[in-house]
Structures are given as C-alpha cells and as structure tokens.
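Remarks on the overall topology
Residues per chain are reported as follows:
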Amino acid sequence: MPPPPPSPPPPILASPPGSTAETGKEAASPVDQLAQKEKNKEEPSSLEQSIADLQAQTADLEVQIAEAKAQLKNDPKTTVQRHIRLLHEYNEIKDIGQGLLGLIADARGVRQIDVQREYGVSDQD
C-alpha cells in the first residue's frame, strides 16, 4: 500500500496575528472614538448625581435619628444600664423565691414543683 499524500501547508495569512482583520473587529473610526469619549464624560456626571443623591439621603436619615433621640426621655445608654440593673434585681429576687419554695418543699417532703403549683407559680415564672 502506498503512503498517504503529505498534508497541505498552512494557509498564508494576509494580516499579522492579532490584527483587526484576524479578530474580525473593525478599527474604531475617529467619529466612533469621539462618541466614546463623550459617553465616558457623561458617566462621571451620572455617578456624581448618584453620589449627591446618596449624600442627601444620608443627611435626611441623620436628621431623623436626631429627632428620634430628642424624643427619648433619657440617654439610650442610661436606659440600657437601668434595664440591666433591673434585670439583675429581678433575677436576685427570683432566686430567693425559688430558694424559699425549695425550703418549703424540703420541710414538707414533697417536690418543689408541687409547692410551686400550690402557690400559683408556673413553670415559666
């Protein structure tokens, strides 16, 4: 059997690799380049407008926050500290009450839950 014929040589390119002819893209005309520059000039303007709108919204929100703080009776930190102090007091009182119910239950020889029910204290109290 005869050997297969040699493969043909690669075609010669009329344009260098990476040229507009090879990539299929047209070179931008001066008119297109000018239009692109104008478009780029408009974008910062719209960005600047967006920034200005956001700054105005921020200012409005800061005014609303200031008005809300003015309506508070006390400083928020003071209110939080007061609530924490009251919760500590409540927990101490609750612990004392639980201890007393436990002493009563021990003295009677019954479960603490039975004493709680007798005195109207629920499981969630």
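Residues numbered from 1 in each chain as written. Predicted model: local features only at pLDDT ≥ 70, side-chain atom pairs only at ≥ 80, totals over all residues. Heavy atoms only, no water.

Side note on a nonpolar patch on the surface
Rules: The patches described consist of residues with a relative accessible area above 30% and no salt bridge, like charges being joined within 9 Å and nonpolar side chains (Val, Leu, Ile, Met, Phe, Trp, Tyr) within 5 Å. What sets the accessible areas is the Shrake-Rupley method with a 1.4 Å probe; for residues, cover comes only from the shown protein chains. The term salt bridge refers to a pairing of a side-chain nitrogen on Lys or Arg with a carboxyl oxygen on Asp or Glu at a separation within 4 Å. Between buried and exposed lies partly exposed: a residue is buried under 20% and exposed over 50% of the maximum accessible area for its type, with that area taken using a 1.4 Å probe on protein chains only.
Where nonpolar side chains cluster on the molecular surface, the patch consists of Ile96, Leu100 and Leu103 and spans about 320 Å² of accessible area. Looking at Ile96, the relative accessible area reads 55%, which means it is exposed.

Regarding the pattern of salt bridges
The test is simple: Secondary structure elements are defined from DSSP: runs of H or I of at least 4 residues count as helices, runs of E of at least 2 residues count as strands, and each element is numbered from the N terminus.
Counted according to the given criterion, the structure contains three salt bridges. Measuring nitrogen to oxygen at the nearest pair gives 3.1 Å for the salt bridge that ties Glu89 to Arg85. Within this pair, Glu89 and its partner Arg85 are both found in helix 3 (residues 76–108), separated by four residues, close to a single helical turn. Under the relative-accessibility criterion, Glu89 is labelled partly exposed at 37%. Of the residues examined, Arg85 reaches a relative accessible area of 44% and is grouped as partly exposed.

As for helix 3
Selection rule: One less than the number of residues in a helix, times 1.5 Å, gives the span that helix is expected to have.
Helix length check: helix 3, at 33 residues, gives a terminal C-alpha distance of 48 Å against a target of 48 Å (1.5 Å per residue), a fit within 8%. Restricting attention to buried positions, one finds in helix 3 the residues Leu101, Gly102 and Ala105. Gly109, located one to two residues past helix 3, shows a positive phi value of around 75 degrees.

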